[in-house]
Amino acid sequence: MLTSHHDAGSNYLNAKKGFMSWLFTVDHKRIGIMYFVSIGVFFLVAGLFALLLRAELMQVRIPDATATSYMISADHYNEAFTFHGAIMVFLVIIPSIPATLGNFLLPLMIGAKDVAFPKLNLISYHLYIVGALFLVYTVAFGGLDTGWTFYTPYSTQTSTSVIAAVFGAFILGFASILTGVNFIVTVHKMRAPGMTWVRMPLFVWAIYATSVIQVLATPVVGVTLILVAIERLLGIGIFDSTLGGDPILFQNFFWFYSHPAVYIMILPAFGLVSEMITAHSRKSIFGYKAVAISSIGIAVIGFFVWGHHMFTSGQSALASVFFSLLTYGVAVPTAIKVFSWVATLYKGSISFTTPMCYTFVFLFLFLIGGLTGIFLGALSTDVHLHNTYFVVAHFHYVMMGGTIIAWIGAVFHWWPKMTGKKYSETWGIISSVVVFIGFNLTFFPQFVMGTRGMPRRYYDYLPEYYNFHLLSSIGSFVLAIGLFIVLFTWLHSIFYGEKETRSNPWRAKSIDWTDTAVVPIEHNFEKQPISSHGPYEFDELVKPAKAGEH
């Protein structure tokens with residue numbers, strides 16, 4: 001039996017001191033925190049690029065433009081949206097939940113003292129930093145204007161720093177694969193006694209399904225990006241039609257990874273939402289097995305829908321019909337999850353805490369994002385909406401409104417466990433309201449102008465789109481204010497927050513709450529936990545916690 005003896009008051013935060021003790025730690029919790037800080041910095045950088053774009057687009061355009069209407073040139077505009085997209089996708093959204101909360105929570109939730117390969121976990125983080133430095137290099141030297149998709153033939157012809165960028169993305173892919181392998185082995189081999197597959201928290205199921213996608217799909221995009229670099233250096237004619245290649249081949253390779261990558265981004269968010277809904281409604285999850293299996297179902301079906309990104313690329317009509325049908329197929333397991341969340345809330349004892357407020361924001365935004373995907377999965381409407389702002393809005397409602405909102409809510413939920421500090425419920429709830437208003441003001445007008453034909457990524461536009469762009473830009477600044485309130489709330493908690501004294505302030509039932517100290521010790525548990533019940537077996541409804549009690 002695992003036993004561990006620690007000094008009173010010792011925990012993973014203060015067990016070792018000094019910068020180097022963090023940089024070379026093999027403690028999964030500290031690695032999760034380092035990912036959290038790193039990803040937070042890149043989130044801030046990508047957000048500033050987004051504000052630059054929106055500030056540019058709220059200026060008067062043709063035919064009324066003046067000499068002061070354009071703050072940046074068209075070339076710099078292309079670079080700005082490329083950096084925003086590349087940083088958000090590769091450095092923020094894809095690793096956001098698996099690398100931060102996945103690292104922090106997975107061993108705690110299954111009763112393990114660490115992940116299966118702690119040193120490999122540390123290497124993954126260092127690879128993430130090295131890959132990120134390559135992308136940062138492109139910002140300072142040569143720029144990048146291909147968009148985050150690196151579409152050929154443009155990416156093989158532009159004079160910007162494509163090779164450095166794709167090499168950075170290649171290294172980031174390695175980090176993602178190593179993390180995925182680590183998590184899969186950890187789930188299979190390191191579960192606590194009694195922790196059967198049907199007693200695992202749904203977040204663990206979600207991380208497990210995500211890891212399978214990371215391991216199987218990421219090598220494809222890694223090889224594809226290296227082929228782009230070889231094409232630029234040697235001109236071997238893989239994607240160059242003048243040399244016998246096919247640029248559409250790149251799109252097939254790219255989307256074979258990048259659509260499953262959408263589920264790398266959103267599946268962990270589904271898991272977090274399941275955890276928060278049960279804890280803050282004091283009710284067992286509705287349809288546990290269906291929700292768990294639906295995570296695997298989404299991971300499997302997600303490999304067969306990449307062609308819906310290519311309806312207008314010239315692929316065969318028969319292939320498009322099949323990809324359209326399969327796209328509707330992936331909606332089934334997703335709908336199972338949404339139905340489960342709503343049914344769980346029904347007659348629950350709901351506490352309107354900050355995590356729960358973010359959960360409601362997630363449900364509203366993700367529902368809009370998911371339903372608008374129906375129009376893009378249908379052949380007859382996609383040909384009209386393809387490459388318009390409708391796609392931009394849909395993508396942001398799913399990725400930002402889904403993944404990032406769930407991530408923020410979950411950080412609030414596990415904040416006492418991560419830091420040992422309380423935070424201001426008032427400011428947390430205010431931030432969720434401001435974010436909700438700002439987000440919808442930013443992206444809902446983009447649905448409308450997309451249906452009216454406004455193409456995405458355009459530097460200039462006609463006067464009839466001005467009001468939509470103006471609303472969207474104002475909304476982006478409101479959204480930024482909401483996100484800065486989140487940052488302020490967290491920083492205030494760290495430096496001035498009251499110490500948390502309860503190890504389980506939400507009265508949750510999973511091991512990460514019931515068998516750990518207020519802040520987990522270095523090896524997680526004083527003695528080996530034994531799982532004797534499921535993670536959501538609330539015996540009875542109890543009076544919800546008052547706001548500000550934790």
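Nothing here was measured: the structure is a model prediction, and the numbers come from that model. (Residues numbered from 1 in each chain as written. Predicted model: local features only at pLDDT ≥ 70, side-chain atom pairs only at ≥ 80, totals over all residues. Heavy atoms only, no water.)

## Section: the overall build of the protein chain
Counted only if it meets this: For helices the rule is a DSSP run of H or I covering at least 4 residues; for strands it is a run of E covering at least 2, with both sets numbered from the N terminus onward. We take the radius of gyration over the C-alpha atoms and set the globule estimate at 2.2 Å times the residue count to the 0.38 power. In this scheme, a residue with accessible area under 20% of its type's maximum is buried, one over 50% is exposed, and one in between is partly exposed, where area comes from a 1.4 Å probe on protein chains only.
On a plain count of helices and strands, the protein chain comes out with 15 helices and zero strands. Relative to the globule expectation of 24 Å for 550 residues, the C-alpha radius of gyration of the protein chain, 23 Å, shows essentially globular dimensions. Referenced to the eigenvectors of the C-alpha coordinate spread, the extents of the protein chain come out at roughly 65 × 50 × 45 Å. Within the protein chain, buried positions represent 57% of all 550 residues.

## Structural notes on the nonpolar core
Our working rule: The definition of a nonpolar core used throughout is a set of buried Ala, Val, Leu, Ile, Met, Phe, Trp, Tyr and Cys residues joined through side-chain atoms within 4.5 Å. Two residues form a contact once any of their heavy atoms are found within 4.5 Å.
Ranked by size, the top nonpolar core spans 152 residues in total, and within it Val 92, Leu 101, Tyr 128 and Phe 362 carry the most contacts. Ranked by the residues each element gives to this core, the list is headed by helix α3 (residues 74-110), at 22 residues. Apart from the residues lying within four places of it in its own chain, the contact partners of Tyr 128 are Tyr 35, Ser 38, Ile 39, Phe 42, Leu 91, Pro 95, Leu 172 and Ala 175.

## Brief notes about helix α7 (residues 247-281)
We apply this condition: Here the expected span of a helix is defined as 1.5 Å times the quantity of residues minus one. Two N or O atoms form a polar contact when they lie within 3.5 Å of each other; inside protein one atom must be a possible hydrogen donor and the other a possible acceptor, and for residues adjacent in sequence the pair counts only when both atoms belong to side chains.
An ideal rise of 1.5 Å per residue puts 51 Å on 35 residues; α7 measures up with 51 Å between its terminal C-alpha atoms. Burial analysis of α7 places 30 of its 35 residues in the buried class, the great majority of the element. With a side-chain oxygen lying 2.9 Å from the backbone nitrogen of Ile 248, the N-terminal cap of α7 falls on Asp 246.

## Side note on the UniProt feature "domain: Cytochrome oxidase subunit I profile" (unreviewed entry) in the protein chain
This is how it is decided: UniProt positions are given in the numbering used here, feature names are shortened, and annotations may be inferred rather than shown by experiment.
When the UniProt feature table is mapped onto this chain, "domain: Cytochrome oxidase subunit I profile" (unreviewed entry) is found at residues 16-532. Helix makes up 69% of residues 16-532 and strand 0%, and the two end C-alpha atoms of the span are 33 Å apart.

## A look at the pattern of salt bridges
Test applied: Should a side-chain nitrogen of Lys or Arg be within 4 Å of a carboxyl oxygen of Asp or Glu, the pair is scored as a salt bridge.
As enumerated under the stated definition, the model contains six salt bridges in all. Among the salt bridges present, the one from Arg 61 reaches Glu 56, with a minimum N-O distance of 2.9 Å. Exposure remark for Arg 61: the relative accessible area of 3% places this residue in the buried category. Salt-bridge contacts for Glu 498 lead to Lys 422; the nearest nitrogen and oxygen are separated by 3.7 Å. Of this pair, Glu 498 sits in the loop between α14 (466-496) and α15 (511-514) while Lys 422 sits in the loop between α12 (389-419) and α13 (425-451); the two residues are 76 residues apart in sequence, bridging distant segments of the chain. On the accessibility criterion, Glu 498 (54% relative accessible area) is exposed. Judged by relative accessible area, Lys 422 falls into the buried class, the value being 16%.

## A short note on α13
The end-to-end C-alpha separation of α13 is 39 Å, in line with the 39 Å expected for 27 residues at 1.5 Å each. Two residues or fewer past α13, Gly 453 is found with a positive phi of approximately 100°.

## Points about the packing of helix α2 (residues 28-57) against α3
Selection criterion: Every angle, taken between N-to-C directions, lies between 0 and 180 degrees, and every axis is a line fitted to C-alpha atoms, over only the stretch in contact when it is a helix. Each angle receives one of four descriptions, namely roughly parallel if under 35 degrees, roughly antiparallel if over 145, roughly perpendicular if within 65 to 115, and oblique otherwise. Whether a crossing is left-handed or right-handed is set by the direction in which the near helix is turned from the far one by less than a right angle, anticlockwise for left-handed and clockwise for right-handed. As a working rule, the residues Ala, Val, Leu, Ile, Met, Phe, Trp, Tyr, Cys and Pro are called nonpolar, Asp, Glu, Lys and Arg charged, and the rest polar, with Gly in that last group.
At a minimum axis distance of 8 Å, the contact between α2 and α3 shows a crossing angle of 155°. Taken together, the axes of α2 and α3 are roughly antiparallel relative to one another. α2 and α3 meet at a crossing whose hand is left-handed. Split into classes, the residues belonging to the contact of α2 with α3 amount to 27 nonpolar, six polar and two charged.

## Overview of a nonpolar patch on the surface
To keep things clear, this is the line we draw: Patch rule: a residue counts if its relative accessible area is over 30% and it has no salt bridge; like charges are joined within 9 Å, and nonpolar side chains (Val, Leu, Ile, Met, Phe, Trp, Tyr) within 5 Å. The protein chains shown are the only cover counted for residues, whose accessible areas, like all others here, come from Shrake-Rupley with a 1.4 Å probe.
Among the surface-exposed residues, Leu 44, Leu 48, Phe 484, Leu 487, Leu 491, Ile 494, Phe 495 and Tyr 496 lie close enough to one another that they form a single nonpolar patch of about 830 Å² accessible area. Elements represented by at least two residues in the nonpolar patch include exactly α2 and α14. Mapped onto the elements, Leu 487 comes out in helix α14.

## Looking at the side chain of Thr 25
Turning to its location among the elements, Thr 25 is positioned in the loop between α1 (19-23) and α2. In this structure the side chain of Thr 25 is engaged in a polar contact, spanning 3.0 Å, whose partner is the backbone nitrogen of Asp 27. Once you skip the residues sitting within four places of it in the chain, Thr 25 turns out to touch Arg 30, Ile 31, Met 34 and Leu 122.

## Some remarks on the packing of aromatic side chains
Heads up, the rule is: Classification of ring pairs rests on two measures: the distance between centres of Phe, Tyr or Trp rings, Trp counted by its six-membered ring, which must be within 6.5 Å, and the angle between planes, read as stacked under 30 degrees, edge-to-face over 60 and tilted in between. Any Lys NZ or Arg CZ found within 6 Å of a ring centre and within 35 degrees of that ring's normal is scored as a charge over the ring.
The final tally for this structure, using the stated rule, is 48 aromatic pairs. Following the ring pairs from residue to residue traces out a cluster consisting of Phe 90, Trp 148, Phe 150, Tyr 151, Phe 239, Phe 250, Phe 254, Trp 255 and Phe 395. Of note, Arg 30 hangs over the ring of Trp 22, and the distance from its end group to the ring centre comes to 4.2 Å. Sitting over the face of the ring of Tyr 459, Arg 61 holds its NZ or CZ atom 5.1 Å from the ring centroid.

## Some thoughts on the environment of Lys 417
With respect to the secondary-structure elements, Lys 417 resides in helix α12. In sequence terms Lys 417 and Ala 229 are 188 residues apart; their C-alpha atoms lie 44 Å from each other. Not counting the four nearest positions on each side in its chain, Lys 417 is found in contact with Tyr 12, Phe 104, Ser 503, Asp 512, Trp 513, Thr 516, Ala 517, Val 518, Val 519 and Pro 520. Within the structure, Lys 417 has its side chain in polar contact with the backbone oxygen of Ser 503 (distance 2.7 Å).

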